[in-house]
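Now for the letters of each chain:
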Amino acid sequence: MRLHRLKVDQLRQFRQPFELAGLEPGLNLFSGPNEAGKSTLVRALRAAFFERHRSGSVEDLLPWGEPSAAPSVELDFSIGGTDYRLRKSFMHRKRCELKVGPRDLDGEDAEQHLAALLGFRFAGKGASKAEHWGIPGLLWIEQGSGQDIDDPLKHAADHLRKALDQMVGDVASSQGDDVIGRVRSEREALLTATGKPRAAYAEALLERDAAGARVQELDARIAQYRDQVDQLGQLRAEHAADAAARPWDGFRTQQQQAEQALATIQALRLQIDVDRASLRQVEDTLKLVDEQLAGHEDQHRALRQREADLLEAERLVQSAGQADDTWAAARREAQATCDQAAEALVQAQQADLRATLARRVGDALARITALTDAIGRAEAEQAQLSAQRRLAVETELGKADLARLRDQHARLTELRIRQDAAATRVRFDIAAGAKLTLAGERLSGRGEHLITSATDIDIPQVGRLQIVPGGADLADLARDEADQRAAHLALLQRLGVASLDEAEARCATHQQALKDIQHSEKALAHLAPKGLDDLRAELGEHTVRRTEAEGQLQLLGPIAAPADRPSEPLAQATARHKAASAHLDQVARQATEAAHASSTARTQRDAALRERGVLAALLGDAARQQRERDTAQRRLAARAERDALGHRIAARQAEVDQARPDILAQDAVRFQRSADQAERAFSERQTRLTLLQGKLEEAGAQGLEEARAEQVVRAQAAVRRSQELERRAQALDLLLGLLEARRRDLTKRLQAPLQRHVNRYLQLLFPQASLDIGDDLAPGQLTRPGSRGAESGPVGSLSFGAREQMGVISRLAYADLLKEAGRPTLIILDDALVHSDDQRLEQMKRVLFDAAQRHQVLLFTCHPALWRDLGAVPRAIGPVAATLA
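The structure reproduced in this document is the subject of the present report. (Residues numbered from 1 in each chain as written. Predicted model: local features only at pLDDT ≥ 70, side-chain atom pairs only at ≥ 80, totals over all residues. Heavy atoms only, no water.)

The gaps of empty space that remain are located by a probe, the size of a water molecule, rolled over the atoms. Under the counting rule described, the total for this entry stands at four cavities of 30 Å³ or more. Computed from the structure, the largest cavity encloses a volume of approximately 60 Å³. Every residue along the wall of the largest cavity is listed here: M1, L118, I135, P136, L139, W140, P824, T825 and L826. Per-class residue counts for the lining of the largest cavity are eight nonpolar, one polar and no charged. (1 Å grid on protein atoms, 1.4 Å probe; cavity = no way out; pocket = protein on both sides within 12 Å on 5 of 7 lines; lining within 4 Å. Points joined across faces, edges and corners; volume = space filled by probe spheres on them. Nonpolar A, V, L, I, M, F, W, Y, C, P; charged D, E, K, R; others polar.)

As structure tokens, then:
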């Protein structure tokens, strides 16, 4: 095919007619800058052949901004000595005219004639796509698609195969396809693609294996039957011997003798255990007595230490009092909301304490009811222990509560001292008969009043004076004292005491009572384990707790919260009080070192005085002194009893050790096991005889020898069937291999012409290289010389530029093949080979020049300088070309 003339009008940037005439039969080089219209001319060629003239999907051919234009293309070309002229216009003047020599065609006939002539087809609907372009789509390379060969080749494969068929004749005949298909079908009925048995062949193998397994199973059962016959005779002989000897009776007699001797030793052991229990009680009693005496000595030492501490505290009070009046600290005025929160907190604490006491009363009542029933069955009452427990319950006071009470008392003392130091003093001397009130209280005579907060003085017929203390932190001291006093009173109420001194005395009494209870309980637990006296003591304890809780509830009195404002939960009141006090910058700073030292010294002195007095009163008690003397006497008696028990236990233990009770126990167990094993073996042998005799009778009735003979016949038939199918499968596999090998040889002969053309161009690009052509006629493995010898790889793994070069070479080879088959060819390259280096580009120029000796080649480029040595005169496209036209 040779293109002589191309003319376009109203097509994209060619708004005016543009014509390319006088095209050469070989190389034609067209150059121009970007947007000059090179790709537009290629698009015009594609539209002239591929697009239906009535298509409405070619809007891309319209010039920009001219929707009413009518794009048109006119071509003059010749094929095999016949001249053609094609005129086709789109959109608003849809028309197609084809002149074939003297004959004129138009419309659909013209388009179908072109499709059959050039080897493409039209789209059924819409714009034409790559899959419709056939041979021209393969030979006409669009810009940027030179490296893509697979899809264009797939769309043109049918046309290429027809061309090959015409060249090689009967080599491509498909008469053998039916035979190969039949053989493959027969083979696939017996073998998988990997050669594994399937269907009837696989079933025959399974049947062969199953029949052989059944024969082996019968052989095993026959051998087992013969072994069981021999085993039955041996078991009968052993059973008769044991039935006559009865060996288990002798073992039983020896077992009884060993058990009698062991019982004698066991009685002696029980006596030793009783003596050891008594010894442990005596040792525990002695330990308790030693602990009591050590506790008495500790108390005497503690009294001496308290007296020394009291002397030191008196000295500190005297030295610290001299600087007491020289220091004062400030407190900020508290907000009214903080007072309300403090009051709510006190009420919440009382409500929480009341709920806790109520629960205690309920728990005590439930426990008292249960204990009363148990104590009603008691035989004796332990008066001394019950009295000690009641005393402990009455004086119970937690260490944490006592420590907190001490801290609160010391804090209140410190706050009073600081208030006295910082308060405003008002001294007055009122004349007789004068009326004067201070904070609502009438004043008379002479005196002094401390003011810690803003206070009004009312003078009849004169007016009112308001005195505001000058200390900035005095109100904070008053608020802090109120908070501390409220917390202190709440704690005293909860503990059921009136003062700290009472709590200290109660704690000392409680601690002593606890020690006495501990000693008494330990002694009672050892002398009378699990007795009933502890129930009476527990009843008294719960009674006291109930009374104490009820008394504390009475001391609390009725709920102080107003009816319209009930008490808040303790957690909520605490949180609200904390939030109300959060804005205070500093709380409880030390006022002065001297005031703090004085308060601390007095607190320590008072504590030492109280502790000394409590401990002296406790040690001076006559009853306690008598208990101390009694404890010393009990220690002497316990030591004597301990020595006597030790001698008696040692004598009896020597007698037990000489008898070896562990060996006697082993003898009893050994003879018992021997007797049991002998009887069990006799019984099991009897059972085995019965079962074995039944199995033999059953096996004899089954006819194992006859069944085996039958299975041997079936197994031989299964083997013959599997061997027959195996020979058939091997024959079909061999035949299919031979036929497919012959088919591959024919395929190579079919591809030989194409391979020859590919090698022609390949040697110009890669000397001594070879390219395999696949069954789909696509380029496959490329083999070429390398630095380490020949190297092979798929074309698709080459670089972009190399793939583009191989794509052009392959298309030129297809064109040669088509030309030999008498099919029209036209090569179009739109800006192809732009990714080639200088050396490769030189080689590709040789390739293109050689191809141009047989085909017309249209090469469009925007780099004319690269193609100066192509051997073709470049023709400009764009404004210059339009001017020349």
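As a further point, take helix α20 (residues 838–851). An α-helical turn contains 3.6 residues, so any two residues separated by three or four positions project in the same direction. For α20, spanning 14 residues, the distance from its first C-alpha to its last is 20 Å, which sits close to the expected 20 Å at 1.5 Å a residue. At the N-terminal end of α20, a side-chain oxygen is found 3.3 Å from the backbone nitrogen of Q839, two or three residues along, and the residue is D837. (Helix = DSSP H or I, 4+ residues; strand = E, 2+ residues; numbered from the N terminus. Expected span 1.5 Å × (residues − 1). Polar contact = N/O pair within 3.5 Å; in protein donor to acceptor, adjacent residues only side chain to side chain.)

As a further point, take the layout of surface pockets. Volume-wise, the second largest pocket comes out at about 490 Å³. Together, 18 residues line the second largest pocket, and R306, A508, Q511, V614 and L615 are the ones closest to its centre. Listing elements by their share of the lining of the second largest pocket, those giving two or more residues are α7 (247–320), α10 (399–422), α12 (500–527) and α15 (593–619). Of the residues forming the lining of the second largest pocket, the biggest block, six residues, is contributed by α12. Residue composition of the lining of the second largest pocket, by class: seven nonpolar, three polar and eight charged.

So, on to the sheet that holds strand β11 (residues 441–443). If you walk across this open sheet you meet the four strands as β11-β10-β13-β14, and the pairing is antiparallel. Edge positions in the open sheet fall to β11 and β14 (463–467), since each of these has one partner strand only. Pairs of neighbouring strands in the sheet enclose a mean axial angle of 25°, with direction left out of account. Pairing of strand β13 (residues 455–459) with β14, which is carried by five bridges, proceeds in the antiparallel orientation. By the bridge assignment for β14, D458 is matched with R464. (Pairing = 2+ DSSP bridges. Axes fitted to C-alpha atoms, helices over the stretch in contact; angles between N-to-C directions.)

With that settled, the discussion passes to the side chain of S55. Tracing the backbone through its elements, the reader meets S55 in the loop between α1 (38–50) and β4 (72–79). On the basis of relative accessible area, S55 is assigned to the buried category, the value being 9%. A distance of 3.1 Å separates the side chain of S55 from the backbone nitrogen of S57, its partner in a polar contact. Apart from residues no more than four positions distant in its own chain, S55 is found in contact with K94 and G126. (Buried < 20%, exposed > 50% of the residue type's maximum accessible area, 1.4 Å probe, protein only. Contact = heavy atoms within 4.5 Å.)

Our focus in this paragraph is the environment of I457. By secondary structure assignment, the location of I457 is in strand β13. Overall, the relative accessible area of 10% leaves I457 in the buried class. When the C-alpha atoms of I457 and R442 are compared, they prove to be 9.5 Å apart, with 15 residues separating the residues in sequence. When near neighbours in sequence (up to four residues on either side) are disregarded, I457 contacts L436, T437, L438, G463, R464, L465 and I467.

Before going further, it helps to examine the environment of L23. Within the secondary structure layout, L23 lies in the loop between β2 (18–21) and β3 (27–31). Here the alpha-carbon distance between L23 and L3, two residues 20 residues apart in the chain, equals 6.7 Å. Once residues lying within four places of it in the same chain are set aside, the contact partners of L23 are R2, L3, H4, R5, N28, F30, Q856, L858 and R875.

A word on the nonpolar core. Within the largest apolar cluster, 97 residues are counted, with the highest numbers of intra-cluster contacts made by F49, L75 and F77. Residue contributions to this core peak at 10 residues, all from helix α19 (residues 800–820). In this structure L75 touches L3, R5, L6, L45, A48, F49, Y84, R85 and L86, once residues within four positions along its chain are discounted. (Core = buried A, V, L, I, M, F, W, Y, C linked by side-chain atoms within 4.5 Å.)

An order of β8-β18-β19-β3-β20 is seen for the five strands of this open sheet, with the pairing classed as parallel. Two strands lie at the open edges of the sheet, namely β8 (140–141) and β20 (874–876), each paired on one side alone.

Inspection of the sheet shows strand β6 (residues 95–100) paired to strand β7 (residues 103–106) by four bridges, in the antiparallel sense. Pairing of V100 across the sheet is with R103, part of β7. What sits between the antiparallel neighbours β6 and β7 is a turn of two residues, in which G101 has the positive phi angle 60°.

Attention shifts here to the packing of aromatic side chains. What the rule picks out here adds up to nine aromatic pairs. Consider the rings of F50 and F120, whose centres lie 5.1 Å apart with planes at 70°: the pair is edge-to-face. Taken together, the positions of F50 in helix α1 and F120 in the loop between α2 (107–118) and α3 (134–139) put the pair 70 residues apart, joining distant regions of the chain. Each of the two residues, F50 as well as F120, counts as buried. Joined through ring pairs, the aromatic side chains of F49, F50, F77, Y84, F120, F122, W133 and W140 make up one cluster. One Lys or Arg, R784, reaches over the ring of F766 and ends 5.2 Å from the middle of that ring. (Phe/Tyr/Trp six-rings, centres within 6.5 Å; stacked < 30°, edge-to-face > 60°. Lys NZ or Arg CZ within 6 Å of the ring centre and 35° of its normal.)

This paragraph deals with unusual backbone geometry. For A199, which is not glycine, the phi dihedral falls at a positive 50°. Along the chain, A199 falls in helix α6 (residues 199–245). By relative accessible area, A199 is classed as partly exposed at 42%. In this structure, Q768 is a non-glycine residue whose phi angle is positive, near 65°. With respect to the secondary-structure elements, Q768 resides in the loop between α18 (704–765) and β15 (770–773). Among the residues examined, Q768 registers a relative accessible area of 69% and is labelled exposed.

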